[in-house]
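The primary structure of each chain is shown beneath.
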Amino acid sequence: MNTLFNTRRMFPHKSIGGPTRIMRMQLEDSIREGSVIVPYLLYSRDLIFGDKLKAILHSIEDIKEPQRRMFSLAQELLPQNLFEVCKSVRDSFVQERLVKKTNQKVLGEIEVIHNHSQINPFFFQKVPTVLTIHTKGSYINDMAGVLKDKSIIFDYYNSDREANTIAKSDVITFPSNSAFELFLSQFKGIINSTKVQIVYNGIDIDFIDSVPSKKTYSRIRLICVASHVYQKQVDRILTVFSKLQVEDKYELFLVGSGILLEVHKQKAFDLGIANSVFFLSNVNNFEVISLLKSADIFILLAKDVVMDLALLEAMASDLLVIVSNDGGNREVIENGVDGFLISRFEDDNVIDIIKDYSSNPNKYEDQKKNARRKIVNQFTVTAMMASYRDIYAQLL
C-alpha cells in the first residue's frame, strides 16, 4: 500500500526524539518491507518518495543540524517570537495548498495518510487518515509544559485546529494508555473513543546491539537522556544527586538540550556538584546509545510521561532504571521487577537504591535482565510497525 507519512515541520531524524524518530523508524521499516508499504514523505512543501527518499534518508544519517520547529526549544519564548509562531501556523495552510496543487498525480496514488501532528495535518479527498498523537495531553498543554507559559499560547493559537484534526481523522493512535487518558482529561467530549487505538512506541534492538559497550571508569555513572524543559524535571535529579555525598564515587551525565540547560548548569554549580555533572548536548543517536552502555543507572523523574524512547533504550542497554511513577512509565516498568517507580515525595528512596547498587551491583542483575527481556519481547520497532500495518489494512 502507498502510505504518506506527514511530519511537515521537522525532517525525520534518528538524533531527535519523539515523533521525528518514530517516523524515521517507520520510513526505514517501510523501505525494508517495500512489498507491504511504499512510503511517501510530506515534509514542509515537498512530497518525497522512491529513490529520492532513500537517498535523502541515507545522506542525513550522520548530519547534526538543528531542525526547525514551530516553537524553538533552544531559547526562551520572548514577545518578538510571537510573530514567528503565528507565521508558522499560517504557512502550514499555504504549504498544504501548494502540495495539493503541484502533486495531484502522485497524491492520487496514496492509499493511507499517517499524520504525526494534530497542528499541521494533511488531508486529501477521501483518503483514510491515521493521526498519531505524541504530545503530553493537548498540543497547547504540551507546549505550555515546555515553555511554562500557557497564556501566550492561548492568546495566539486557537485549539479549534487541533479539534478539527481529531474530528477528521479515521483512526487516532496514542503511544500509551496514559497518553490517551491525559489527552481525555484536557479534551473531554471531542474525541470518539471508538476511533482510538494504542500503539506502543518501539525501538530498534538490532541497532542498539550493534553499538559497542565500553565501561572504562571507576565511578558509578548515572545518566539521564532528556530535554532540559520543565516537564522532564532535571532539577529534581540534580537535587537528588547532590544528596549522595558525591565525592569521587558517583558521576552524572545529562544528555540533551533545551531552554533550561543554562539554568541547570548554574544549579549544579550552586549545589557544589559541577565537577561530577557532565552536560552533553547535540549528541546523535549512536552516541546516546554508546553513553547509555557506558553507564550503570538510568534516571528520569519526569511528569506527564507519554512513552519515553530513552527509557526503552536504557532497558535494552542493560541498565538499572529508576523513573517517576507517572504515566507511560507504569505501563513499561513493574516496580522492583525490571526497574523502580519513584513517586513524587520518594527522593530518599532514589538515594537508597543508588547507594545500595554501589555496594552490591550484582544484586540487581536479574532486574536488568528482566528489563532487557521485556523490551525485546514487547517494545520493538517490529512490533510497533506490525500494529500500524494492521491499522492501515483495516482502513482499506
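Because the structure is predicted, anything quoted here is derived from the model rather than measured.

Definitions and limits used
- Residues numbered from 1 in each chain as written.
- Predicted model: local features only at pLDDT ≥ 70, side-chain atom pairs only at ≥ 80, totals over all residues.
- Heavy atoms only, no water.
- Helix = DSSP H or I, 4+ residues; strand = E, 2+ residues; numbered from the N terminus.
- Buried < 20%, exposed > 50% of the residue type's maximum accessible area, 1.4 Å probe, protein only.
- Contact = heavy atoms within 4.5 Å.
- Areas by Shrake-Rupley, 256 points an atom, 1.4 Å probe, with all protein chains shown as cover.
- Phe/Tyr/Trp six-rings, centres within 6.5 Å; stacked < 30°, edge-to-face > 60°.
- Salt bridge = Lys/Arg side-chain N within 4 Å of Asp/Glu carboxyl O.
- Core = buried A, V, L, I, M, F, W, Y, C linked by side-chain atoms within 4.5 Å.

Enquirer: Could you give an account of the overall build of the protein, naming the residues involved and the relevant values?
Expert: Helix and strand counts for the protein come out as 17 helices and 13 strands. Evaluated residue by residue, the protein yields a buried proportion of 56% over its 396 residues. If you take every contact in the protein between residues at least 6 apart in sequence, the share linking residues at least 24 apart comes to 72%. A total accessible area of about 17500 Å² is found for the protein, and carbon and sulfur atoms account for 48% of it.

Enquirer: Go over the packing of aromatic side chains, please, and point to the residues and values.
Expert: Counted by the stated rule, this structure contains 8 aromatic pairs. Seen in terms of ring centroids, Phe253 and Phe278 are 5.0 Å apart; in terms of plane orientation they differ by 50 degrees. Their pairing is tilted. Taken together, the positions of Phe253 in strand 9 (residues 250–255) and Phe278 in strand 10 (residues 277–280) put the pair 25 residues apart, joining distant regions of the chain. Arranged with centres 6.2 Å apart and planes meeting at 65 degrees, the rings of Phe340 and Tyr364 form a pair that is edge-to-face. Of this pair, Phe340 sits in strand 13 (residues 340–342) while Tyr364 sits in the loop between helix 15 (347–359) and helix 16 (365–378), and the two are 24 residues apart along the sequence. Residue classification places Phe340 among the buried positions, given a relative accessible area of 14%.

Enquirer: Tell me what's going on with the pattern of salt bridges, and back it up with residues and numbers.
Expert: Here the structure, examined in full by the defined rule, presents 12 salt bridges. One salt bridge in this structure joins Glu251 and Arg219, with 3.0 Å as the shortest N-O distance. Placement of the pair is Glu251 in strand 9 and Arg219 in the loop between helix 9 (205–210) and strand 8 (220–225), with a sequence separation of 32 residues. For the pair Glu251 and Arg219, one class covers both residues: buried. Across the pair Glu365 and Lys368 runs a salt bridge whose closest N-O atoms are separated by 2.9 Å. Of this pair, Glu365 and Lys368 both sit in helix 16, 3 residues apart, which is roughly one turn of that helix.

Enquirer: Kindly report on the nonpolar core, identifying the contributing residues and their values.
Expert: Ranked by size, the top nonpolar core spans 98 residues in total, and within it Phe174, Leu222, Ile223, Leu292 and Phe298 carry the most contacts. If one sorts the elements of this core by residue count, helix 13 (residues 309–316) sits on top with 7 residues. With sequence-adjacent residues up to four places away left out, Leu222 is seen in contact with Phe241, Tyr250, Glu251, Leu252, Phe253, Ile297, Ile299 and Ile354. Core analysis: the next-biggest nonpolar cluster, separate from the first, contains 12 residues, Leu4, Leu42, Leu107 and Ile110 among them.

Enquirer: So what about the environment of Val112? Which residues, and what values?
Expert: Its place among the elements puts Val112 in strand 4 (residues 112–115). Along the backbone, Val112 and Leu4 are 108 residues apart, and their C-alpha atoms lie at a distance of 6.3 Å. Once you skip the residues sitting within four places of it in the chain, Val112 turns out to touch Asn2, Thr3, Leu4, Val127, Pro128, Val130, Tyr392 and Leu396.

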